[in-house]
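Understanding the architecture of this molecule
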Amino acid sequence: MTVTAPTTLVLAGTGKTGRRVASGLGAREVPVRIGSRRAEPPFDWQDDTTWERALRGVGAAYVAFYPDAAFPGAARTVGSFVDLAVACGVRRLVLLADRGAAEAERCEQRVRDSGAEWTIVRAGFITQNFSEAFLVELVLAGVVALPVGDVAEPFTDAQDIADVAVAALTEDGHAGRIHEVTGPRLLTFADAVGEIARATRRDVRYLPITSEQFVSSLTRRGVPAEYARHLAGLMVEVFDGRRAQVTDTVERVLGRPPRDFAEYAHETAATGVWDPDFES
C-alpha cells in the first residue's frame, strides 16, 4: 500500500542518484525539497547552520552524503544531521551507503540509532560514474586507469538505486530493511570498459595502476590532494572482492530486472557524451 507522503528532502538532489530520486518522487506527486548548496533554502553538508531551514516541514529524507558516505568523518556528520532531522519531525530516513565500506557502515548505525523509521540502500560502483563523473574524461582520452586490478564488480545503475529509494520513501514494508542494490551480473573494469569501447566503436581500454599513480593522475588534473587520497583509499578498501556478488533486490522491490551495463553503454554512447567531438 502506498503511503501519503509528506515533503521529502532529497540531499545531493542534483547528483547522480539524488536528481533521479527527486524525479521519481515528483512522478508520484510527492512534494520534494532539493538539498543542495544552490537550492532555496540552501543545504550544505559542510555548514550545519544550513540544515535546520532545509528540514522545516519535512517528513522524510533521502540521505546521500557528499562527497561519499565512505569518506573519513562521514558518520559523525551524518549522525549529527539525522539527530537534528528527527528533532525537527522527520519520521522516515533512507540512507544511501557504500557496500562493504567501514565508514559507510558507521553511517548506517547512526541512522539505525536515530529513532526514525529507516531504510538502508547499499550500492557499489555506480555505472554513471563513467558518464556523469570524473571517469568521463578518461573514457574520452581512451585510457581508463584505475587502482582496482581485475576484481569483479556488479556495476549498479543510478536509476535502479533511485527507484529502490523512492519505493522506500513512499511505500510500506521497507522500514528496518537493508536493500543491497546491484546490477544483474559481475564484470571486471576491463569488461566494463570493453562494453564502452564496443558501444562507441572507439579504442578505449582499461589500465590497472597503483594507488599512488592514481592520486598523482588526479592531482595533475586539479583534484584536491586530500580528496584524491581518500578516493584512492576507498578503492583499495572495497575493490578486494568483497562486493563480488549480485543480489535480487531490484527484482524483489521493483518487480523488474536491474539494468545491464551493456544497455547503459549503448544508450549513453548514443547521447554523444563519449564522443571527443561532441559539444553539449
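Located above this text is the structure these notes cover.
Quick summary incoming for the structure in this document. (Residues numbered from 1 in each chain as written. Predicted model: local features only at pLDDT ≥ 70, side-chain atom pairs only at ≥ 80, totals over all residues. Heavy atoms only, no water.)

1. Here we look at the overall build of the protein
To keep things clear, this is the line we draw: Helix numbers and strand numbers start at the N terminus; a helix is a DSSP run of H or I with at least 4 residues, a strand a run of E with at least 2. The buried label goes to any residue with under 20% of its type's maximum accessible area, the exposed label to any with over 50%, and the partly exposed label to all in between, with areas taken from a 1.4 Å probe on protein chains only. The contact criterion used is simple: two residues touch if any of their non-hydrogen atoms lie within 4.5 Å. The method behind every accessible area is Shrake-Rupley, applied with a 1.4 Å probe, and residues are considered shielded solely by the protein chains displayed. Counted charges follow a simple rule, with Lys and Arg positive, Asp and Glu negative, and His plus the chain ends left uncounted. By convention, the charge on Lys lies at NZ, on Arg at CZ, on Asp at CG and on Glu at CD.
Scanning the protein from N- to C-terminus turns up 12 helices and 10 strands. Over its C-alpha atoms, taken along the principal directions, the protein stretches across nearly 50 × 40 × 40 Å. Out of the 280 residues in the protein, the part that is buried amounts to 52%. Long-range contacts, defined as pairs at least 24 residues apart, comprise 77% of the intrachain contacts of the protein with a sequence gap of at least 6. Of the roughly 12500 Å² of accessible surface on the protein, a fraction of 48% belongs to carbon and sulfur atoms. Averaging the positions of the 31 positive and the 39 negative side-chain charges in the protein gives two centres separated by 2 Å.

2. Thoughts on the pattern of salt bridges
Quick reminder of the rule: Whenever a carboxyl oxygen of Asp or Glu lies within 4 Å of a side-chain nitrogen of Lys or Arg, that contact is scored as a salt bridge.
On inspection of all chains with the given rule, the structure shows 23 salt bridges. We note a salt bridge from arginine 19 to glutamate 132, for which the minimum N-O separation is 3.0 Å. Of this pair, arginine 19 sits in helix H1 (residues 18–27) while glutamate 132 sits in helix H5 (residues 129–132), and the two are 113 residues apart along the sequence. A salt bridge links arginine 242 to glutamate 237, with the nearest nitrogen and oxygen atoms 4.0 Å apart. Each of Arg99, Glu108, Arg112, Arg122 and Glu180 takes part in one network of salt bridges that share partners.

As far as function goes, none of this settles anything; it's purely spatial.
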